[in-house]
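# Structural description and commentary
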Amino acid sequence: MSAAKTKAQQIIDENAVAVFSKSYCPYCKATKALLTELGANYYTIELDQVDDGSAIQAALKEINGQTSVPNIYIKQKHIGGNSDLQAIKGNLKGLLTDAGAL
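Let us look at the structure shown here. (Residues numbered from 1 in each chain as written. Predicted model: local features only at pLDDT ≥ 70, side-chain atom pairs only at ≥ 80, totals over all residues. Heavy atoms only, no water.)

### A closer look at the sheet that holds strand β4 (residues 77–80)
We apply this condition: For two strands to be treated as a pair, DSSP must find at least two bridges joining them. The helix and strand labels rest on DSSP assignments: H or I over at least four residues marks a helix, E over at least two residues marks a strand, and numbering proceeds from the N terminus. Note on geometry: axes are C-alpha line fits, over the in-contact stretch for helices, and angles between N-to-C directions span 0 to 180 degrees. We call two residues in contact whenever any of their non-hydrogen atoms come within 4.5 Å of each other.
Reading across from one edge, β2-β1-β3-β4 is the order of the four strands in this open sheet, with mixed pairing throughout. Lying at the two open borders of the sheet, with one neighbouring strand each, are β2 (43–46) and β4. Direction aside, the axes of adjacent strands within the sheet are offset by 20 degrees on average. Bridge count for strand β1 (residues 17–21) against strand β3 (residues 71–74) is four bridges, and the pairing is antiparallel. Bridge pairing in β3 links phenylalanine 20 to asparagine 71. Helix α1 (residues 3–14) rests against β1, β2 and β3 of the sheet, and its axis sits at about 140 degrees to β1. Against the sheet, helix α3 (residues 53–64) contacts β1, β2, β3 and β4, and its axis sits at roughly 60 degrees relative to β3.

The structure is reproduced here in structure tokens:
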């Protein structure tokens, strides 16, 4: 397994909520704003601000098939992107509570 794939999997495994993001992405900002608004405790890695960001993004494609950001996990389950998160907004508080992120 590549170092980037190991790092990505470790982030997913060790955090109740993990957001793979890019600092300039408006969809990423919307995701983080929603999670913050709900009071969620989440981990974010800004892929455009770390040296191995491109490799991590490529590794996420191998793991879940998604090439875009944000790439969101709750309780080690792949949620998808911002539109997927917004679509489950009504159930999100329950999911976050179950994950121990609230």
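### Some details on the packing of aromatic side chains
Going by this rule: Working definition: a ring pair exists when centres of Phe, Tyr or Trp rings (six-membered ring for Trp) sit within 6.5 Å. Plane angles under 30 degrees give stacked, over 60 give edge-to-face, the rest tilted. Buried, partly exposed and exposed residues are distinguished by accessible area as a fraction of the type maximum, computed with a 1.4 Å probe on protein chains only: under 20%, between the cut-offs, and over 50%, respectively.
Applying the stated criterion across every chain yields a total of one aromatic pair. Measuring from ring centre to ring centre gives 6.4 Å for phenylalanine 20 and tyrosine 73, while their planes differ by 80 degrees; the resulting arrangement is edge-to-face. Taken together, the residues phenylalanine 20 in strand β1 and tyrosine 73 in strand β3 connect sequence positions 53 residues apart. For tyrosine 73, a relative accessible area of 5% puts it in the buried group.

### Comments concerning the nonpolar core
In plain terms, the rule: We define a nonpolar core as any set of buried Ala, Val, Leu, Ile, Met, Phe, Trp, Tyr and Cys residues linked to one another through side-chain atoms lying within 4.5 Å.
Formed by 15 residues in total, the largest nonpolar core has its most connected members in Phe20, Ile45, Leu47, Ile56, Leu60 and Tyr73. Secondary-structure elements contributing two or more residues to this core are α1, β1 and α3. Looking at this core, the element that brings in the most residues is α1, giving four residues. When neighbours within four sequence positions are excluded, leucine 47 is seen to be in contact with Phe20, Ser21, Lys22, Gly53, Ile56, Gln57 and Val69. Listed in part, the 14 residues of the second largest apolar core include Val17, Ile74, Ala99 and Ala101.

### Here we look at the state of the cysteines
Where we set the bar: The disulfide criterion is simple: two cysteine sulfur atoms within 2.5 Å.
If you walk through the whole model with that rule in mind, you get zero disulfides. In this model cysteine 25 remains outside any disulfide bridge; the closest cysteine sulfur is found in cysteine 28, 3.0 Å from its own. Looking at cysteine 25, the relative accessible area reads 8%, which means it is buried.

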